[in-house]
Structures are given as structure tokens and as C-alpha cells.
Amino acid sequence: MMATHRFGALGSPTRIPTVLTAGFRFFFLSAGIFSVFAMLAWTVWLGVHAAGGTFISTPMAMAPHLWHAHEMVFGYTAAVIAGFFVTAVPNWTGTKEAGSLFVIASGTVWLAGRFAIWFSNSIDPVIVAAVDLAFVPVLSTAVLGRLARKSQARNMVFLALLTALLTGNLMMHLEWIGWTDDTAQAGVRMGIFTSTAMIAIIGGRVVPAFTRNALLRAGYQGSLPVSRVWLDRAGILLVLLTALAFLPFVPEVLRGGLCLAAGLVTLLRLAGWQGWAARREPILWILHAAYLLLGSGYLVYGVTLLTGEYSETAALHLLAAGAIGSMTLAMMTRASLGHAGLPLKVSKPIVLAYMLLIAAALVRSFGLGALGYFETMLLSGSLWIVAFGLYVGVYFPILTTPRTRK
């Protein structure tokens, strides 16, 4: 049975499910469940076509591949981002964490967006857009006020990135409404590169810090992680520019060059963080693996744009499924344990989930050379479903029961 908390209002206690008492609880659990559903729906659609069948109609108005892309970025990834910011920003600023009322309200808006997109074939596209686009502004209200009150200048960049995420989503909806031509593809790519920019910035702070702390606790005698200020600044600037490079007027050669530079700098940053020393701690090596996929993804995508020698969508998935997928899973599994008052040790099923997710990304990005299209897609999708199924199974009780007291 799902645990509950008492929540008093004017002396009238109400039973509030534990999962609704903190942003990380609701959004991390919802993201995992939705990820399984969204990938399962996409894989079933592919499987039917692989078998020679077809669907007479679909509940969504947009092409299924665009629904899949939209929901993995603006549905799944946006939920993880929300869970992270609603929890992290109060820690950064020393302010009060958003309470159950905000979690319920923002969670309702996020869920409404998922239903509106899924049933968009039966709803006016302007209404679908209004419902789906509402989530990021609602989320931003919980971030802006706290950052402004505590003069968090360096973190204000995340509000700019949330605006870019909203812009990418808007670009997709404008095409679906019929007000623009050919902006949906650019919109989803802007959403992906905005998400990877957030990963680059946040990961650049936490990966070396977490690794250093763990190595010191373990009495490690070798070199500790090193971050160079000039390299960090260059890396942040480049990933921000790559996100903006997917605005419609930017030449593809400039996008490719920025991605190539961002990949090189990202890998140079990672090289100083002593990832090999963290190889025995899954909760650490997954962070390094995600950052490796991030830098590699930028590189492969940049080379693809500049040479045209590889599939652009396959290269894109090294960032989307690889970097975003693995870093979001890494952060959800770690942050949930910490905020639930549990030791920072992941179980064997979660280690397996990490490996399956990385395999899913590699199969999707590089499997086409050895497998057929449908075989690659179905294998990759199945690996993803199992990985997030394991996450939901292990973390459901953690996210729905009260914090362990130490």
C-alpha cells in the first residue's frame, strides 16, 4: 500500500500520498513509468510494421516517429528535469522546498500534456499546444523566485535553457497546428541539445565532485579529479551555442563545427576526472559513462553533419538515448537514494539497468550496419524497456514510502 503523510490545512488533516510530498518522488517515478509506456508504444508500432501489418488509425495526430521523439524529450526528459530542479534549487539557495500543492499542480499539468499529445487526433491542435506548453512555465515559477531571492547568478543559465526547451517544443507544435512548415524536426533537435547542455553543465559540477568525495572516503592515494576553469567555461559556452544552433536560420556547417568543438572539449574535461578510479562503484561509473557518451555523441553528430557519411538520426541517438538516457537514469537512482535517506549503493538490478541502457543506445546508434532497420529498432527499444522496467520495480517502494530516518 502506498504510504501517506498528514497535511494540515486550517486544522483539517488530509492524507497525502508520500509520492506527492516531494518533486523528486513524483517526477522521477512518473518519468520511469512513462518511459516504459512511451517506448513500449513505439516498439509495438514498429513491430506491427515489421510483421507486415499497419494501423488503420492512431490516437495521436502527428506521425508516430514524431510522437516518439517529442514524448521522449518533452515528456520523459522534461519530467526528470523537473524532479531535479524542484529538489536541487532549494538546496542551492537554502530556501524551502516546493510542497505538495506545487507537486500536485505541476504534476497535473505534466500529465495533462501527455494525455493531450496521446489523444491529439481528437483535440484541436491549438488546445493540445496550450496544454502541453504550459508545463515549462509552471516549472520555471518554482525556479525563478528562489534563484532571484538568493542572487544565484551562475544558475540563472538554467532559466535560459528552460526557455530554449520551451522554444523547441513550440517549434514542433507550430508545425502540427499548420502555422509553420518544417519546424518540428528542428524543434525536437533543439530540445535534445538543450537537454544535453543541461547535462554538460550539471554533470560538469557533480561528476568530479562526487568522484573526489568517494575516492577520499575510500582512502585513494592516486590523483584526484581536476577541473580547469578555462576548459569548463569553454565547454559550457560551446554546449549552449549548440542548443541555439538549431534555430531555423543557422547553417548546418556551423552546427557541425560547434558540435565537433563541444565534443572535444567535453572529452577533455572528462579526462581529468579519474573515471577509471571509480570503476568499482556503479553509482559513480555510470556518471562517467554518461559523460563519455555525451562527448562522443557531440563528436559523432558533428562529424556526421560535416561529412554526411553517417546516418544523422543514428548519430543523434548517441546523445538522446545514450547521454540523456544514461545521465537521467544515473541522477534519478542516485538522488532518490540520497533524499530518501538511504545509502548511496545501487542494487544489482540497477547495475544491470545501467548496462542495458548503454547497450540500447549503442545498438540504436551503431546497429544498422550489422542488423536490419526493424531488428535494430526493436532490439534497442526492448533493451530500453527492460532497463527502465528494472528502475521502476526497484525504486517504486523507495519513492512511495517516507524518508528513512538516520
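This text follows the structure it describes.
Below, the structure is looked at part by part. For clarity, every value in this text was computed on a predicted model and none was experimentally measured. (Residues numbered from 1 in each chain as written. Predicted model: local features only at pLDDT ≥ 70, side-chain atom pairs only at ≥ 80, totals over all residues. Heavy atoms only, no water.)

### What about the overall build of the protein?
Scanning the protein from N- to C-terminus turns up 13 helices and two strands. For 406 residues, the compact-globule estimate of 2.2 N^0.38 gives 22 Å, and the protein sits close to it at 21 Å. Looking at the protein residue by residue over its 406 residues, the buried ones come to 53%. Considering only intrachain contacts with a sequence separation of at least 6, the fraction spanning at least 24 residues in the protein is 75%. Total accessible area on the protein stands at roughly 17300 Å², and carbon and sulfur atoms take up 68% of it. The distance from the centre of the 26 positive side-chain charges to the centre of the 13 negative ones in the protein is 24 Å. (Helix = DSSP H or I, 4+ residues; strand = E, 2+ residues; numbered from the N terminus. Rg over C-alpha atoms; globule rule 2.2 N^0.38 Å. Buried < 20%, exposed > 50% of the residue type's maximum accessible area, 1.4 Å probe, protein only. Contact = heavy atoms within 4.5 Å. Areas by Shrake-Rupley, 256 points an atom, 1.4 Å probe, with all protein chains shown as cover. Lys, Arg positive; Asp, Glu negative; His and termini not counted. Charge placed at Lys NZ, Arg CZ, Asp CG, Glu CD.)

### Details of the packing of helix 1 (residues 23-50) against helix 2 (residues 64-93)
With their axes 8 Å apart at the nearest point, helix 1 and helix 2 run at an angle of 170° to one another. Taken together, the axes of helix 1 and helix 2 lie roughly antiparallel to each other. Viewed along their axes, helix 1 and helix 2 form a crossing whose handedness is left-handed. Looking at the contact of helix 1 with helix 2, its residues break down into 20 nonpolar, seven polar and one charged. (Axes fitted to C-alpha atoms, helices over the stretch in contact; angles between N-to-C directions. Parallel < 35°, antiparallel > 145°, perpendicular 65-115°, else oblique. Left-handed = near helix turned anticlockwise from the far one by under 90°. Nonpolar A, V, L, I, M, F, W, Y, C, P; charged D, E, K, R; others polar.)

### Section: the nonpolar core
Core analysis: the largest hydrophobic core is formed by 136 residues, its most contacted members being F85, F193, Y301, M332, F388 and Y391. Broken down by element, the residue count for this core peaks at 16 residues, all from helix 2. Contacts of Y391, omitting those with residues within four sequence positions, involve F28, L29, G32, L329, M332, T333, I350, F396 and L399. (Core = buried A, V, L, I, M, F, W, Y, C linked by side-chain atoms within 4.5 Å.)

### What to know about a nonpolar patch on the surface
Together, L40, V44 and F55 make up an exposed nonpolar region whose accessible area comes to about 240 Å². Position of V44 relative to the elements: it lies in helix 1. Overall, the relative accessible area of 42% leaves V44 in the partly exposed class. (Patch = residues over 30% accessible without salt bridge, like charges linked within 9 Å, V, L, I, M, F, W, Y side chains within 5 Å. Salt bridge = Lys/Arg side-chain N within 4 Å of Asp/Glu carboxyl O.)

### As for the packing of aromatic side chains
This structure, assessed with the given rule, holds 24 aromatic pairs. Each ring, one from Y76 and one from F388, has its centre 5.4 Å from the other, and the planes form 80°; the classification is edge-to-face. Taken together, the residues span a long stretch of sequence, with Y76 in helix 2 and F388 in helix 13 (residues 373-400) at a distance of 312 residues. Across the pair, exposure class does not vary: Y76 and F388 are buried alike. Aromatic pair F193 and F246: ring centres 4.5 Å apart, planes at 20°, arrangement stacked. Separated by 53 residues along the polypeptide, F193 in helix 7 (residues 184-217) and F246 in the loop between helix 8 (229-244) and helix 9 (252-271) bring together distant segments of the chain. For the residue pair F193 and F246, the accessibility class agrees, reading buried in each case. Among the aromatic residues, ring-to-ring pairing joins F34, F37, W67, W110 and W118 into one connected group. (Phe/Tyr/Trp six-rings, centres within 6.5 Å; stacked < 30°, edge-to-face > 60°.)

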